[in-house]
Amino acid sequence: MPQQQVLTITSTILFCWIAFIIAWERISPYRKGLKFFREGFWIDLVWYTLIQSYFLKIMIFDYIIAPMQRHWDLSEFHFVSNWPVAVQVLFFLFTHDLYIYLFHRFQHSNKFFWRFHEAHHSGKEVDFLAGSRSHIVEIIINQTIEFAPIILLGADPMVIPIKAMLDAMFGMFIHGNIKVNMGKLKYIINSPELHLWHHANYIEVFHANFATKFSFWDYLFKSVYDPGHAPGDKPENWGLHYDYPRDYFLQHAFSVKRFDEQKLLKYKWFSWYYNLRPRLMSIIDKALPAKLTTAKQAAPNQENKVPEPVALVPQEENILQ
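Described below are features of the structure shown in this document.

Cut-offs and rules
Residues numbered from 1 in each chain as written. Predicted model: local features only at pLDDT ≥ 70, side-chain atom pairs only at ≥ 80, totals over all residues. Heavy atoms only, no water. Helix = DSSP H or I, 4+ residues; strand = E, 2+ residues; numbered from the N terminus. Buried < 20%, exposed > 50% of the residue type's maximum accessible area, 1.4 Å probe, protein only. Axes fitted to C-alpha atoms, helices over the stretch in contact; angles between N-to-C directions. Parallel < 35°, antiparallel > 145°, perpendicular 65-115°, else oblique. Left-handed = near helix turned anticlockwise from the far one by under 90°. Contact = heavy atoms within 4.5 Å. Nonpolar A, V, L, I, M, F, W, Y, C, P; charged D, E, K, R; others polar. Core = buried A, V, L, I, M, F, W, Y, C linked by side-chain atoms within 4.5 Å. Phe/Tyr/Trp six-rings, centres within 6.5 Å; stacked < 30°, edge-to-face > 60°. Lys, Arg positive; Asp, Glu negative; His and termini not counted. Salt bridge = Lys/Arg side-chain N within 4 Å of Asp/Glu carboxyl O.

We now examine unusual backbone geometry. Even without glycine at this site, Asn209 takes up a positive phi of about 55°. Inspection of the secondary structure assignment puts Asn209 in the loop between α8 (203-206) and α9 (216-220). Within the chain, Lys222 stands out as a residue other than glycine whose phi angle is a positive 55°. Summarising the element assignment, Lys222 is placed in the loop between α9 and α10 (248-256). By relative accessible area, which is 74% here, Lys222 ends up exposed.

So, in structure tokens, the structure goes:
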């Protein structure tokens, strides 16, 4: 099958899946009252999903993997190239998912790498789009390790768009604000039942539910947390237990140097920039007849400590030193 045709098919399936997930979130929400245009929606869509993904795709494939291929091309050994495409996809899906589980678990236990992962947990309103919020460094590491073996081992070119499609579909599903009972399948396939708990603001889940596609990793390595009920609908039940910047660039700056936004507001240039997005959103709010966008709140002070999870009852205390 021509590569362009594969791209057309996978893109069509993906867009249909997006529409399906959006409808599912409206019909059967896991967390009631979560608006479509929730806090951080436009940052996740415009900056993380569209702009960041576009430029990182070029960087990863053209400036990292391509030079690697010129020096370490293993396709001549035909490790996987003679396998059926379906088998190749399953092989890379399985092996990469194991890596993601292990690296994800490591990020939650390492102060340095937590700095690149905390952005993914910063949203207090988690939905199908929230999974796209990931730090640049984290994406470069994960997607290089994901796609480099596919290319270096000489897999069928169709494997990349198919796997990318499955990654996106799984990412939207497990982060989706969806109330779904997987039954016995929850021991094999990951779902919002388990992964949305991973985004909750409780100490029990800070070191639990690391799986992305296959939940059996958590059961196998005894890192699963499944209390049988949802975390709750209040904002304090979700996300980070410390304040985190709402701006895309400030989120990346915060991973390098902790700062207090309120203290920076004394600088006119920073105040102008920091309040630019709220002003624009206010204009959009007034233009929309049904108030489709959420009200923006002023950002509180930032903590200068590297985080750990909160206790059983959500609170404003940092534990990881």
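Resuming the write-up.
The N-to-C vectors of helix α2 (residues 41-71) and helix α5 (residues 136-152) enclose an angle of 45°; their axes lie 9 Å apart at closest approach. The angle between the axes of α2 and α5 places the two elements in the oblique class. Our pair here, α2 against α5, has a crossing hand that is right-handed. Seen from α2, the contacting residues are Gln52, Leu56, Met59, Ile60, Phe61, Ile64, Ile65, Met68 and Gln69; seen from α5, they are Ile136, Ile139, Ile140, Gln143, Thr144, Phe147, Ala148, Ile151 and Leu152. Along the lines of polarity and charge, the residues of the contact of α2 with α5 split into 14 nonpolar, four polar and no charged.

With that out of the way, let us pick up the nonpolar core. Counting residues in hydrophobic clusters, the biggest one holds 36 residues, and the most contacted among them are Ile65, Phe92 and Phe173. The set of elements that each furnish at least two residues to this core consists of α1 (3-27), α2, α3 (85-107), α5 and α6 (159-175). Here this core gets seven residues from one element, more than from any other, and that element is α6. Residues within four places of Ile65 in sequence aside, it is in contact with Ile60, Thr144, Phe147, Ala148 and Ile151. Listed in part, the 14 residues of the second largest apolar core include Tyr48, Tyr242, Tyr248 and Phe270.

Taken as a whole and assessed by the stated rule, the structure comprises 42 aromatic pairs. Summarising the aromatic geometry, the rings of Phe36 and Phe128 are spaced 6.3 Å apart at their centres and angled 20° between planes, so their arrangement reads as stacked. In this pair, Phe36 sits in the loop between α1 and α2 while Phe128 sits in the loop between α4 (111-117) and α5, placing the two residues 92 residues apart along the sequence. Accessibility expressed as a relative area gives 24% for Phe36, which makes it partly exposed.

Right, let's talk about the environment of Pro161 for a bit. If you trace the backbone, Pro161 turns up in helix α6. Of the residues examined, Pro161 reaches a relative accessible area of 9% and is grouped as buried. Residues Pro161 and Thr8, spaced 153 residues apart in sequence, show a C-alpha to C-alpha distance of 9.7 Å. Setting aside residues no more than four positions away along its own chain, Pro161 makes contact with Gln3, Val6, Leu7 and Thr10.

Positionally, Glu25 belongs in helix α1. For Glu25, which is buried and forms no salt bridge, the nearest opposite charge comes from Arg26, at a distance of 4.3 Å. In this structure Glu25 touches Asp127, Phe128, Gly176, Asn177 and Ile178, once residues within four positions along its chain are discounted.

Taken by themselves, the reported measurements are silent on function.
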